[in-house]
Amino acid sequence: GNSVTQMEGPVTLSEEAFLTINCTYTATGYPSLFWYVQYPGEGLQLLLKATKADDKGSNKGFEATYRKETTSFHLEKGSVQVSDSAVYFCALKIQGAQKLVFGQGTRLTINP
Amino acid sequence: EAQVTQNPRYLITVTGKKLTVTCSQNMNHEYMSWYRQDPGLGLRQIYYSMNVEVTDKGDVPEGYKVSRKEKRNFPLILESPSPNQTSLYFCASSFGDRVNEQFFGPGTRLTVL
């Protein structure tokens, strides 16, 4: 089946630290990959996406590269801010499917 | 303002008492969906709808019903709630099959005692 596995949380960092949140997937066919962010008390928002191997998605200083050989889509940011504190979800969509498959989410807290 | 609204935002109820969580979107989206979010499990899809009068089961449909009589509304119905349905529920919508670009509502936190 199709599934997404994210690194265990919660993750706590100091402001300006480097961030990596690991995400690996199992999928039949060639999925599109996504990162969503959920700020406290809000619904999910699409953060970035990549639709084919070696694509790099980027937004708000965050980046993730679609690695087919390692079935990974790790989220990175060079210098985090307190405002980046949120829950981050990795997700995939199989072509032709009518739904997203989400990972379990990783809670990120940035301390000033 | 483009948005997905859910009501109520918070609800505490008792086992067996029927309830409805409403969802409405103002973006003329064809696709609407309900998810539940539980710690350690991420978001799991309950039901989805491709258009008016077209609904289908997601991954965890047991104990839930939905209807899509109008394009803008997609209510979630719990006929006989049980404690294992205590969760955070999200409604989402998107155009056509662009499900990766779903707009999410703010969530409804449901507690069933």
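It should be noted that the structure appears before, not after, this text.
Residues numbered from 1 in each chain as written. Chains lettered and ligands numbered in written order. Predicted model: local features only at pLDDT ≥ 70, side-chain atom pairs only at ≥ 80, totals over all residues. Heavy atoms only, no water.

Some points on the interface of chain B and chain A
This is how it is decided: Residues are treated as being in contact if the distance between any of their heavy atoms lies within 4.5 Å. Throughout, buried area stands for the accessible area (probe radius 1.4 Å) lost by two parts on being put together, summed over both. The term salt bridge refers to a side-chain nitrogen of Lys or Arg lying within 4 Å of a carboxyl oxygen of Asp or Glu. Nitrogen and oxygen atoms within 3.5 Å of one another constitute a polar contact, given that in protein one can donate a hydrogen and the other can accept it, and given that sequence-neighbouring residues count only through two side-chain atoms. Each helix is a run of DSSP H or I of at least 4 residues and each strand a run of E of at least 2, with the numbering of both proceeding from the N terminus. Amino acids outside the nonpolar list (Ala, Val, Leu, Ile, Met, Phe, Trp, Tyr, Cys, Pro) and the charged list (Asp, Glu, Lys, Arg) are all regarded as polar, and Gly is one of them.
Contacts between the two partners involve 22 residues from chain B, matched on the other side by 17 residues from chain A. Between chain B and chain A, the buried area comes to about 1,500 Å², and carbon and sulfur atoms account for 55% of it. Considering only the surface of chain B that becomes buried against chain A, Leu43, Asn100 and Phe104 of chain B emerge as the three largest contributors, covering 34% of it. Where chain B packs against chain A, one counts two salt bridges. Between Glu101 of chain B and Lys49 of chain A there is a salt bridge, and its shortest N-O distance comes to 3.4 Å. The tally of links between chain B and chain A comes to three residue pairs in polar contact (both at pLDDT 80 or more). For the side of chain B that touches chain A, the secondary structure elements donating two or more residues are strand E4 (31-38), strand E5 (42-51) and strand E9 (87-94) of chain B. By residue number, the principal contributor to the side of chain B that touches chain A is E5 of chain B, which donates five residues. Partitioning the side of chain B that touches chain A into residue classes produces eleven nonpolar, seven polar and four charged.

Comments concerning a nonpolar patch on the surface
Put simply, the test is: By definition, no residue in a patch forms a salt bridge, and every one has over 30% relative accessible area; like charges are joined within 9 Å, nonpolar side chains (Val, Leu, Ile, Met, Phe, Trp, Tyr) within 5 Å. For every accessible area listed, the method is Shrake-Rupley and the probe measures 1.4 Å; residues are considered covered only by the protein chains on display.
A cluster of nonpolar side chains, contributed by Ile12, Val14 and Leu113 of chain B, occupies part of the molecular surface with about 320 Å² of accessible area. Looking at where Ile12 of chain B falls in the secondary structure, it is placed in strand E2 (residues 10-13).

A word on the layout of surface pockets
What counts is decided by this rule: A 1.4 Å probe that fits but cannot get out identifies a cavity on a 1 Å grid over protein atoms alone, an open set with protein on both sides within 12 Å along at least five of seven lines counts as a pocket, and a residue lines either if it has an atom within 4 Å of a point. Grid points are joined across faces, edges and corners, and a volume is the space filled by probe spheres set on the points.
One number sums up the size of the largest pocket: a volume of about 620 Å³. What lines the largest pocket is a set of 33 residues, among which Gln38 and Arg107 of chain A together with Gln37, Leu88 and Arg109 of chain B lie closest to the centre. Counting only elements with at least two residues in the lining of the largest pocket, the list comes to strand E10 (86-93) and strand E12 (106-111) of chain A together with E4, E9 and strand E11 (108-112) of chain B. Looking at the lining of the largest pocket, the element that brings in the most residues is E11 of chain B, giving four residues. Looking at the lining of the largest pocket, its residues break down into 13 nonpolar, 15 polar and five charged. The space that makes up the second largest pocket amounts to roughly 210 Å³. Lining the second largest pocket we find 14 residues, and of these Gln3, Val4, Phe104, Gly105 and Pro106 of chain B sit closest to its centre.

Some remarks on the sheet that holds strand E7 (residues 56-59) of chain A
To summarise the sheet geometry, strands pair through backbone hydrogen bonds and adopt either a parallel or an antiparallel arrangement. Residues and elements named next belong to chain A. Our working rule: Two strands are counted as paired when DSSP detects at least two bridges linking them. To define axes, lines are fitted to C-alpha atoms, for helices over the stretch in contact only, and angles between the resulting N-to-C directions are given on a 0 to 180 degree scale.
Read from one edge of the open sheet, four strands run E3-E9-E8-E7, paired in antiparallel fashion. Lying at the two open borders of the sheet, with one neighbouring strand each, are strand E3 (19-21) and E7. Strand-to-strand twist in this sheet, taken as the mean axis angle between neighbours without regard to direction, amounts to 20°. Pairing analysis gives four bridges linking E7 to strand E8 (residues 62-65), with the strands arranged antiparallel. Within E8, the position partnered with Ser58 by the bridge is Glu63.

Some thoughts on unusual backbone geometry
Here the bond from Asn7 of chain B into Pro8 of chain B is cis, since omega is -5°, no more than 30 degrees from zero. With respect to the element layout, Pro8 of chain B can be found in the loop between strand E1 (4-7) and E2.

A few points about the sheet that holds strand E7 (residues 65-66) of chain B
Residue and element names in this part refer to chain B. The strand order E1-E3-E8-E7 describes an open sheet built from four strands, whose pairing is antiparallel. The sheet terminates laterally at E1 and E7, the two strands that pair on one side only. Where E7 lies against strand E8 (residues 76-78), two bridges are found, and the strand directions are antiparallel. Looking at E8, one finds that Val66 is bridged to Leu76.

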